Amino acid sequence: QVQLVESGGGLVQPGGSLRLSCAASGIIFRFYNMGWYRQARGNQREAVATITWTDTTNYADSVKGRFTISRDNAKNTVVLEMNNLQPEDTAVYFCNADHRSYATNYWGKGTLVTVSS
């Protein structure tokens, strides 16, 4: 059974930092592209940061320079480090696993990040 479990969300003040983690099980993790997506109230889900199975990273322009995505294949974990958080970063953040060759795609249930003073 495939599971993606996010953790680390919460309430922070503008300028603060959070570290989101996603623990994957039920997949051969090292062969999957991984990513973090977010959905704010009334908005569509958007890609925040992705990291391929070969460790190529990509970031949304709105977070570049502030967020860092990384993966630990030994622990089946992908992490999103978020710095200098702003109110517009408020959203539910979702973990994604994608294997294009096998046409498989999985999502976590999400973790809420709220940036407010």
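See above for the structure.
Definitions and limits used
Residues numbered from 1 in each chain as written. Predicted model: local features only at pLDDT ≥ 70, side-chain atom pairs only at ≥ 80, totals over all residues. Heavy atoms only, no water. Disulfide = S-S within 2.5 Å. Helix = DSSP H or I, 4+ residues; strand = E, 2+ residues; numbered from the N terminus. Buried < 20%, exposed > 50% of the residue type's maximum accessible area, 1.4 Å probe, protein only. Polar contact = N/O pair within 3.5 Å; in protein donor to acceptor, adjacent residues only side chain to side chain. Contact = heavy atoms within 4.5 Å. Phe/Tyr/Trp six-rings, centres within 6.5 Å; stacked < 30°, edge-to-face > 60°. Lys NZ or Arg CZ within 6 Å of the ring centre and 35° of its normal. Pairing = 2+ DSSP bridges. Axes fitted to C-alpha atoms, helices over the stretch in contact; angles between N-to-C directions.

*Asks:* What should I look at first to understand the state of the cysteines in this one?
*Replies:* Two cysteines, two sulfur atoms, one covalent bond between them: this is a disulfide. In total, this model carries one disulfide according to the counting rule given. Here Cys-22 pairs with Cys-95 through a disulfide, and the sulfurs are 2.1 Å apart. Linking Cys-22 and Cys-95, the disulfide has an S-S dihedral of approximately -80° and is accordingly described as left-handed. Residue Cys-22 is located in strand S3 (residues 18-25), and its partner Cys-95 is located in strand S9 (residues 91-99); the two are separated by 73 residues in the primary sequence. Cys-22 sits in the buried class, given a relative accessible area of 1%.

*Asks:* When you look at the side chain of Thr-77 in this model, what are you seeing that I'm missing?
*Replies:* As for its position among the elements, Thr-77 is in strand S8 (residues 77-82). Owing to a relative accessible area of 18%, Thr-77 belongs among the buried residues under this scheme. A polar contact is formed between the side chain of Thr-77 and the backbone oxygen of Lys-75, at a distance of 3.0 Å. Ignoring sequence-local partners within four residues, the contact set of Thr-77 consists of Cys-22, Ala-23, Phe-29, Ser-70, Arg-71 and Asp-72.

*Asks:* Just checking my understanding: could you explain the packing of aromatic side chains for this structure?
*Replies:* One pair of aromatic rings is described through two measures. These are the centre distance and the angle between the planes. Per the counting criterion, the structure on display carries three aromatic pairs. With centroids separated by 6.4 Å and ring planes inclined at 40°, the aromatic side chains of Tyr-32 and Tyr-106 adopt a geometry described as tilted. Here Tyr-32 is found in the loop between S3 and strand S4 (33-39), whereas its partner Tyr-106 is found in strand S10 (residues 104-107), with 74 residues between them in sequence. Of note, Arg-45 hangs over the ring of Trp-107, and the distance from its end group to the ring centre comes to 4.5 Å.

*Asks:* Before we go on, may I ask you to explain the sheet that holds strand S1 (residues 3-7) in this structure?
*Replies:* In sheet architecture, strand pairing relies on hydrogen bonds along the backbone and comes in two forms, parallel and antiparallel. One open sheet accounts for four strands, arranged S1-S3-S8-S7; its pairing is antiparallel. Among the strands making up the open sheet, the edge pair consists of S1 and strand S7 (67-72). The mean angle between the axes of side-by-side strands here comes to 15°, regardless of whether they run parallel or antiparallel. Where S3 meets S8, six bridges bridge the pair, whose relative direction is antiparallel. Paired with Arg-19 across the strands is Glu-81, a residue of S8.

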